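What follows is each chain in one-letter form.
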Amino acid sequence: MEEIRNEVKQEKRITNKDLMKVWWRWVFFQEASVSYERLQAPGFFYAISPVLVKLYGDNPEELTAACKRHMQFYNSEPYCGLAIHGITLALEEERANGAPISDEAINSLKTGLMGPLAGLGDSVRAGTIAPIVTAFCISIGQTGNLIAPFLLEGILVAIVWPFAIWLLKKSYHTGKEGIQEIFSIGKLNWITTMTSTLGGITLGALAASYVTLSSPLEFVLGKGSKIALQADVLDVILKNILPLSMVLLSVYLLNKKVSAVKIILILAAVCALGVLIGIF
């Protein structure tokens with residue numbers, strides 16, 4: 001009976017309070033120290049370090065091994081990627097309680113989930129939710145309402161944070177089997193495709209609404225006969241073809257890994273040249 005009591009007493013468990021501490025640390029320090037060698041690994045390690053101390057504080061060798069384990073390269077979408085934090089903590093808890101879980105098993109699981117969860121998170125949050133909310137707040141800000149930037153952050157936080165907290169807790173409680181079940185039902189590619197398509201439509205609508213460019217150039221053909229380049233030629237071919245050309249040029253340059261600053265300078269140079277020669 002005394003042995004059973006000792007086993008129960010020695011059992012180590014992660015609480016909701018521990019998970020929330022991981023959450024707050026991750027939200028504010030996920031990219032506080034980023035390098036191309038490790039990317040988000042320092043933030044990942046900092047977020048879960050209190051839990052590692054709780055699990056392995058009485059075993060310096062295991063604590064050192066855990067620290068090394070989680071300072072290896074890590075990079076995923078910050079919020080959908082929290083599923084990795086939850087699963088990792090579940091595995092670390094099992095290992096601290098004697099389960100034969102190797103370093104390779106934990107690191108392999110993290111590596112295997114980084115890409116799929118990053119693709120899902122980028123499609124849903126960055127590619128769909130953020131553009132829609134941004135477009136809504138831009139329309140408010142254009143009227144001179146100073147609440148627009150605060151409203152933008154408030155809406156994004158209200159949408160993303162509760163889901164991310166739920167995902168962290170859910171992934172911890174269900175473990176790796178729960179995430180594997182999500183991937184095994186065959187819906188991930190469908191969700192990713194649909195959200196990417198919706199995000200593309202949203203970005204196209206934003207470009208059409210907020211990118212403006214026209215040409216005042218006119219051609220004189222004989223006496224009293226003029227052809228306006230914008231109204232009589234470009235708009236006949238495709239409405240808003242000039243703004244679309246600028247957007248497509250920006251996308252092309254982004255795909256060529258040109259930095260955002262250089263793209264802005266290129267667009268400014270193109271527009272300045274167009275104004276000087278009378279095209280714009």
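Residues numbered from 1 in each chain as written. Predicted model: local features only at pLDDT ≥ 70, side-chain atom pairs only at ≥ 80, totals over all residues. Heavy atoms only, no water.

Looking up the protein in an unreviewed UniProt entry gives the name PTS system mannose/fructose/sorbose family IID component, with the organism given as [Clostridium] innocuum 2959.

A word on the nonpolar core
If you look at the biggest cluster of nonpolar residues, it comprises 36 residues, and the most contacted ones within it are Ile-14, Trp-23, Tyr-74, Ile-84 and Leu-89. The set of elements that each furnish at least two residues to this core consists of α2 (16–29), α3 (41–56), α5 (82–96), α6 (103–141) and α7 (148–184). Counting five residues, the second-largest nonpolar core is a separate cluster that includes Leu-213, Leu-229, Leu-234 and Leu-242. (Core = buried A, V, L, I, M, F, W, Y, C linked by side-chain atoms within 4.5 Å. Buried < 20%, exposed > 50% of the residue type's maximum accessible area, 1.4 Å probe, protein only. Helix = DSSP H or I, 4+ residues; strand = E, 2+ residues; numbered from the N terminus.)

Thoughts on the packing of aromatic side chains
In total, this model carries eleven aromatic pairs according to the counting rule given. A centroid spacing of 6.5 Å and a plane angle of 80° characterise the contact between Trp-26 and Phe-44, whose relative ring orientation is edge-to-face. Of the two residues, Trp-26 is situated in helix α2 and Phe-44 in helix α3; the sequence distance between them amounts to 18 residues. Counting every residue linked through ring pairs, the aromatic cluster contains Trp-23, Trp-24, Phe-28, Tyr-79 and Trp-161. In this structure, Arg-25 packs its charged tip against the face of Tyr-46, placed 4.1 Å from the ring centre. One residue, Lys-110, lies across the ring of Phe-44, its end atom 4.1 Å from the ring centre. (Phe/Tyr/Trp six-rings, centres within 6.5 Å; stacked < 30°, edge-to-face > 60°. Lys NZ or Arg CZ within 6 Å of the ring centre and 35° of its normal.)

Overview of the pattern of salt bridges
Per the counting criterion, the structure on display carries eleven salt bridges. Linking Asp-18 and Lys-54 is a salt bridge whose minimum nitrogen-to-oxygen distance equals 2.6 Å. Of this pair, Asp-18 sits in helix α2 while Lys-54 is found in helix α3, placing the two residues 36 residues apart along the sequence. The partner of Arg-95 in a salt bridge is Asp-103, and the shortest N-O contact between them spans 2.6 Å. Among the residues examined, Asp-103 registers a relative accessible area of 25% and is labelled partly exposed. (Salt bridge = Lys/Arg side-chain N within 4 Å of Asp/Glu carboxyl O.)

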